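Descriptive structure summary
Now for the letters of each chain:
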Amino acid sequence: LSEMGTTPKTATATITATAANGESLTFAATRAARDEGTCAPEGYVYWDGPKDKGLQAAKLGKAPFTFDVVVVLDGRKHVAHATWPDDTIKGNEPSVRLDFTPPLPAIR
């Protein structure tokens, strides 16, 4: 997540991936450390795993896959849903666009 007004003090993400056959996997994302040799800008949160869960999700079945994402930033819950490959971001494949409800805090 980027371009938020401020970096949240606490941030969690839970992802549920579901294959076309209905098989699903839910897991908590692993937040990347902010100070791993790079300086993250203000308003930025990044998760980078767990990679083994991503590999398990890919083996659930055939596409399309749906993704339900719940992000909690400083105690406020934001929910998004996407379908792969329909919601793939062109030029950033295989990433999908996530539109959160309520919207994420933005730069004012």
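On to the overall build of the chain. Across its full length, the chain carries 1 helix and 4 strands. In sequence order, the chain lays out its α and β elements as β-β-α-β-β. Here the C-alpha atoms of the chain give a radius of gyration of 14 Å, agreeing with the 13 Å that 2.2 N^0.38 yields for 108 residues.

Turning next to the packing of aromatic side chains. Counting across every chain of the model gives 2 aromatic pairs. Ring plane angle 15° and centroid distance 6.4 Å describe the contact between tyrosine 44 and tyrosine 46, whose orientation is recorded as stacked. A residue is classified by how much of its surface remains accessible, and tyrosine 44, at 30% relative accessible area, is partly exposed. Considering the side-chain rings of phenylalanine 65 and tryptophan 84, the 6.3 Å spacing of their centres and the 50° angle between planes classify their relative orientation as tilted. In this pair, phenylalanine 65 sits in strand 3 (residues 65–73) while tryptophan 84 sits in strand 4 (residues 76–84), placing the two residues 19 residues apart along the sequence. A residue is classified by how much of its surface remains accessible, and phenylalanine 65, at 10% relative accessible area, is buried.

A word on the pairing of strand 1 (residues 11–18). When strand 1 meets strand 3, the two strands line up antiparallel, connected through 8 bridges. Looking at the pairing, threonine 14 lines up with valine 70 of strand 3. Where strand 1 and strand 2 (residues 24–28) come together, 5 bridges link them in antiparallel fashion. Bridging across to strand 2, threonine 16 finds its partner in threonine 26. Taken together, strand 1 and the strand that follows it, strand 2, pair antiparallel across an intervening segment of 5 residues, in which glycine 22 is found at a positive phi of about 90°.

Turning our attention to the pattern of salt bridges. Scanning the model with the defined rule gives 1 salt bridge in all. Arginine 97 is the partner of aspartate 99 in a salt bridge, and the nearest nitrogen-oxygen pair spans 3.0 Å. Using a relative accessible area of 46% as the deciding quantity, one classes aspartate 99 as partly exposed.

On to the nonpolar core, then. One recurring pattern in soluble globular proteins: nonpolar side chains tend to sit buried together. Counting residues in each nonpolar core, the largest one holds 11 residues, listed as Met4, Ala11, Ala13, Ala29, Val45, Trp47, Val69, Val71, Leu73, Ala80 and Phe100. Mapped onto this core, the elements with two or more residues apiece are strand 1 and strand 3. Broken down by element, this core gets its largest block of residues, 3 residues, from strand 3. Once you skip the residues sitting within four places of it in the chain, alanine 13 turns out to touch Phe27, Ala28, Ala29, Trp47, Val70 and Val71. Counting 7 residues, the second largest nonpolar core, distinct from the first, contains Ala19, Leu25, Ala57 and Leu60.

It is worth spelling out the side chain of histidine 78 at this point. Mapped onto the elements, histidine 78 comes out in strand 4. Owing to a relative accessible area of 2%, histidine 78 belongs among the buried residues under this scheme. At 2.8 Å, the side chain of histidine 78 and the backbone oxygen of proline 102 are in polar contact. In this structure, histidine 78 is in contact with Val69, Val70, Val71, Leu73, Phe100, Thr101, Pro102, Pro103, Leu104 and Pro105, ignoring residues within four places of it in sequence.

Calculation notes
- Residues numbered from 1 in each chain as written.
- Predicted model: local features only at pLDDT ≥ 70, side-chain atom pairs only at ≥ 80, totals over all residues.
- Heavy atoms only, no water.
- Helix = DSSP H or I, 4+ residues; strand = E, 2+ residues; numbered from the N terminus.
- Rg over C-alpha atoms; globule rule 2.2 N^0.38 Å.
- Phe/Tyr/Trp six-rings, centres within 6.5 Å; stacked < 30°, edge-to-face > 60°.
- Buried < 20%, exposed > 50% of the residue type's maximum accessible area, 1.4 Å probe, protein only.
- Pairing = 2+ DSSP bridges.
- Salt bridge = Lys/Arg side-chain N within 4 Å of Asp/Glu carboxyl O.
- Core = buried A, V, L, I, M, F, W, Y, C linked by side-chain atoms within 4.5 Å.
- Contact = heavy atoms within 4.5 Å.
- Polar contact = N/O pair within 3.5 Å; in protein donor to acceptor, adjacent residues only side chain to side chain.

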